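Summary of structural features
These are the residues of each chain, in order.
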Amino acid sequence: MSDIVELPDPAGSGPRPAGDARRPATRHLSLPGLGLAVPGIALAALAPAVLPAPGWVVFLAFAAGLALAYAGLARLGRGVFGGSFDLMFWLCLAWLVVVVLAAILAPVLPLGEYRDIAKTIDAPAMAPPSLFSEHPLGTNNFGLDLLARIIHGARASLLVSIGAVAIGMVVGGGIGILAGYFRRLTDTVTGVFTNSLLAVPPLILLIALGTVLEPNLRNIAIALSLLALPSMIRMARASTLTFAQREFVLAAKAMGASRWRVMGRELLPNVLLPLASYGMVIVSVLIVAEASLSFLGLGIQPPDPSWGNMIAEGEGNAFQDYPHIVLVPGVTLFLTVFAFNLIGEKARKRWDPRQAKL
Amino acid sequence: MAWSVLKRLAEIAAVLFVVSVGTFALVDLTPGDPAITVLGEGHTAEEYAALRDEMGLNDPFLVRYGSWLGSALHGDLGTSLIPPNSDVTERIAAALPVSAEVAVLGLAMALVVSIPLAMWSAYHADGRVDRIVGAGTFGILSVPSFLAGLLIIMVFSNQLGWFPRAEWVRLGESLGDNLHHAFLPALTIALAETAMFTRILRGDLITTLQEDFILAARAKGMSPVRVLFSDALRPSSFSLITLLGISLGRLIGSTVIVEYLFALPGMGTLIIGSADKGDFPMVQGAVLVVALIYVLANALIDLSYGYLDPRIRRAHV
Amino acid sequence: MSQRHHTSGHHTSGHHTSGHRAPDAGRAPLLVVDDLRTEIHTPRGDMKAVDGVSLTLDAGETLGIVGESGSGKSVLGRTIMGLYTTGSTMTVSGRVLVDGADVHALTAAARRELWGTGVGMVFQDPMTALNPVKKIGLHLTESLRGHGGLSRAAARARAEELLRLVGIPEPARRLDQYPHELSGGMRQRVVIAMALANSPKLLIADEPTTALDVTVQKQILDLLGRLQDELGMAIILVSHNLQVVAGRADRVAVMYAGRIVELAAADALFAAPRHPYTEALLASVPRLHHPPHSRLEAIGGAPPDMVAPPPGCRFAPRCRYAREDCRQASPVLGPEPGPGGGPENGPGNGREAARVSGSEPGGEGARVFACHHPVRPVTAGGS
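Residues numbered from 1 in each chain as written. Chains lettered and ligands numbered in written order. Predicted model: local features only at pLDDT ≥ 70, side-chain atom pairs only at ≥ 80, totals over all residues.

**A look at helix H3 (residues 87-105) of chain A**
Residues and elements named next belong to chain A.
- Here H3 contains 19 residues, and its C-alpha end-to-end distance of 27 Å stays within 8% of the 27 Å for a straight helix at 1.5 Å per residue.
- Listed as buried for H3 are Leu87, Met88, Cys92 and Val99. Projection of H3 onto a plane perpendicular to its axis shows the buried side chains occupying an angular sector of 135 degrees, all on one side. Among the exposed residues of H3, those oriented more than 90 degrees off its buried face are Ala94, Val97 and Leu105. (Helix = DSSP H or I, 4+ residues; strand = E, 2+ residues; numbered from the N terminus. Expected span 1.5 Å × (residues − 1). Buried ≥ 20, exposed ≤ 12 C-beta atoms within 10 Å, placed from the backbone. Arc of directions from axis to C-beta.)

**So, the pairing of strand S7 (residues 202-206) of chain C**
All names here are of chain C.
- In terms of burial, S7 is a largely internal element, five of the five residues being buried.
- Burial along S7 is two-sided: the residues Leu202, Ile204 and Asp206 and Leu203 and Ala205 are all buried.
- Note: S7 against strand S8 (residues 234-239), five bridges, orientation parallel. Its bridge partner lying in S8, Leu202 is registered against Ala234.
- Crossover S7 to S8 through helix H9 (residues 214-231) is right-handed. (Pairing = 2+ DSSP bridges. Right-handed = clockwise from strand over helix to strand, strands pointing away.)

**Quick notes on the sheet that holds strand S5 (residues 101-102) of chain C**
Residue and element names in this part refer to chain C.
- Judged by pairing direction, the sheet is antiparallel, and its four strands sit side by side in the order S2-S1-S4-S5 without closing on themselves. Edge positions in the sheet fall to strand S2 (45-57) and S5, since each has one partner strand and no second.
- Here strand S4 (residues 90-98) pairs with S5 via two bridges, running antiparallel. Directly across from Leu97, in S5, lies its bridge partner Asp102.

**Side note on the domain arrangement of chain C**
Residue and element names in this part refer to chain C.
- The assigned domain composition of chain C is domain 1 (1-16 + 29-118 + 200-289 + 296-383) and domain 2 (128-198).
- Contacts between the two partners involve 13 residues from domain 1, matched on the other side by 13 residues from domain 2.
- Broken down by secondary-structure element, the contributors of at least two residues to the side of domain 1 that touches domain 2 are helix H3 (108-117) and H9.
- When residues in the side of domain 1 that touches domain 2 are grouped by element, the largest group, five residues, is from H9.
- Here the residues of the side of domain 1 that touches domain 2 sort into nine nonpolar, three polar and one charged. (Domains from an automatic or database assignment. Contact = placed C-beta atoms within 7 Å. Nonpolar A, V, L, I, M, F, W, Y, C, P; charged D, E, K, R; others polar.)

**Notes on the interface of chain A and chain B**
- Taken together, the 39 residues of chain A in the interface contact 52 residues of chain B.
- Classifying every residue of the side of chain A that touches chain B by side-chain character gives 25 nonpolar, nine polar and five charged.

Okay, here's the thing in structure tokens:
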């Protein structure tokens, strides 16, 4: 009854950090934190490897270990870095760094075979994950190494999504600035164009394009960029409208700068910031879109790996008999999307594009 | 009022025109030759040319678009290229109810769960339940719907065997069987929607609950349940409706994926199947219908504000 | 009906005067607030919004509570009402007795019953105190039906009667209108009607005129005065504006930084303030008898941070009379110190003072204040 008061919600609607910033940090938290973290990590690491018990017991032990380790590390972090330390944020950042690094370094990493079936005739098919074996995350039904496929899949996924964001930023930013600067007919035509793009549900648009375009990385990136385009155009247009009235733009005009110079030198740098922050947020949406498309068989085609088409391999009975076929790429996809969402949410709170328009 | 409706209608017409041109232009962009798609490989060049002529593929773009649009406006979307060369409109008419049922059912499930959940979370903001709901919904939003669907099939269909997979019983045949088959697909759709609705509605309710009129209602001695439903939910329902509009695109997307996963004979399966085989009249027709529904639904949502919010209603009259 | 209320109003106010004269013989006061503290939990720490307030109020009496914004007067009103109570965001200690019932010890359901029938509240801004998507009629009838158990038709008839009572023309038509279709003054009348729906014995009016035009302010205050006469309820009139309270309150409490710094009969307080803060407040109000273009005195500085209030007297940093001892020891709310006596006698809170204020006869003797070096009555007044 008494919980409603007119105090602003301090944390908003975002995910709660594990620690409540209300309570001041105290140093003595570090020791129990360490005490929790070490056995937690040990339990999580050893459970799958050595515990001689049925699957669900191992899983429970693993989960309990993770929870313990998380709680311990969170306390440790708060003890060492202060009360506002957000372990989840750093874990997500670390995960993204690992994924990106692995994707970049994929060709030089000592990985198993990821696409050539001919080379894996001798390899075990559908081998379950086993951390210290030749195939740490197991193999698929052709004996291809899942870890290698995951990492090469990340390469494709990130390349396509980030490429799409880049295309969206360049094209959308350009069109948006033009529409916002010239107004009138340019603006109207742009408006109808963006509305038309928005008038087709995103996945339907992708599928329709999938019938037309050859499914290679470049075309998929172009198709995905169409999802990001409308928002990019609108955002760039809105920012241009605001900034075009500011003194520094008027000053540049008064000094005789050409319209292209005004747009390129004065407006573009100001429009870029909100676009970039939106790009960060939409990367996770595009990763999911690419995965969905590949899952439906319209995106990246096997044997080239993508998280989406790897998950599709587990469709039907394979999933039931060999859950790792779905779970390995599935968990990877989940973690990556989660990390992007969490960091995007934090970034959005700190640098809200709406505030950039002040 | 009349003027704003007219303006809105003109906008809708312009957008639909561009979409129809876009979908029609898909054919010209298609790399393969439709004649080969129809006849298959191994025919003479003359045969292909004759068919192309017969299909009107040699006419200029505008002529072809005009005749296609003309018949489309009469409800004739052409015939499928793939045997048995069925009528596109008929196929869509058969598929649409399936998609609509699953989507509406999923949406209803999402609303039924998310409204009380959001209310509880907002009312006890920062409490234990709120934190768990906050973390849970955030996690669910990071699970793509095809992955969620696979997991749901794995647990409820394969392991527990409670619900069937890959069969469909039409609504007309048996309501019970129909719902039994529609439950898991609807659940898959509802998952992400529930998470989204709960989060947005919670944030909105927290703002509403800080309003003076909430305090005033409490000061009158109204019960918390009454305050929440009668005073807090109605102002918040506007953002729920906006949200409905925003989530419509995602809803259609997840319906497509769910149909594919559960092999339901809906629009999604129709579009994906036709896209796979290069059956462009079918894709054109289906995409056009989906876009039409999408645009009209969004327009309807815009208009519904006026009827829900007395302040806007007055401004329009 | 209005006639009957009129007489009963007179009766009650007569009773309250006699109650002041001989409290032990009369019945208990309608409202007793005893060492009330409201601590609001904020990310920076606990904010002592109300920090040990004690007061009493008799039936039919009007008490003005005056202070700057942030002095805790609104929180005090809401805590007295029980709208603010111990929960995850705040902690309330002390007691509030309404007709002998401890508001903060009641169950949630019993408190709701009290809100419906015992205490009503008028809010500051009628724009926000009415739900924009509900019709005027529903605002009024829902509590009538909930508490009074009236039928739909009876509740509607009563709602119409209430609107007429608060001076709204064409009440029947108004019932089917939405709040935005009414002017600000009309809306505030609706808010008052809402508070009156179940004939409360105590009405807490939290800045009831702040959001209104000056011309409408007087109408609303006159309305409150008329309703008090007719219905015989007690009113707590919270305002940052001394003029709102002047001439309408029997007694006035001046709040600063969560505490009452001076409490006295209204005439006495306005005639000769004893606390420097009261004096400063009075000096900042324009007076008709002042020569034109005379300077209004603003109070320099800002109220203290209530998460970490300064030691000693909280007004000391802004006080022109402050001396060293003011920054050391906190003055205690009490009557005029006698020779040799004084604040040093009292233990650390205003509990005693409240009793004093209630038990002393009305007029100059009922005055209590919390200051080591009060303004001399002789020099005050003219300012």
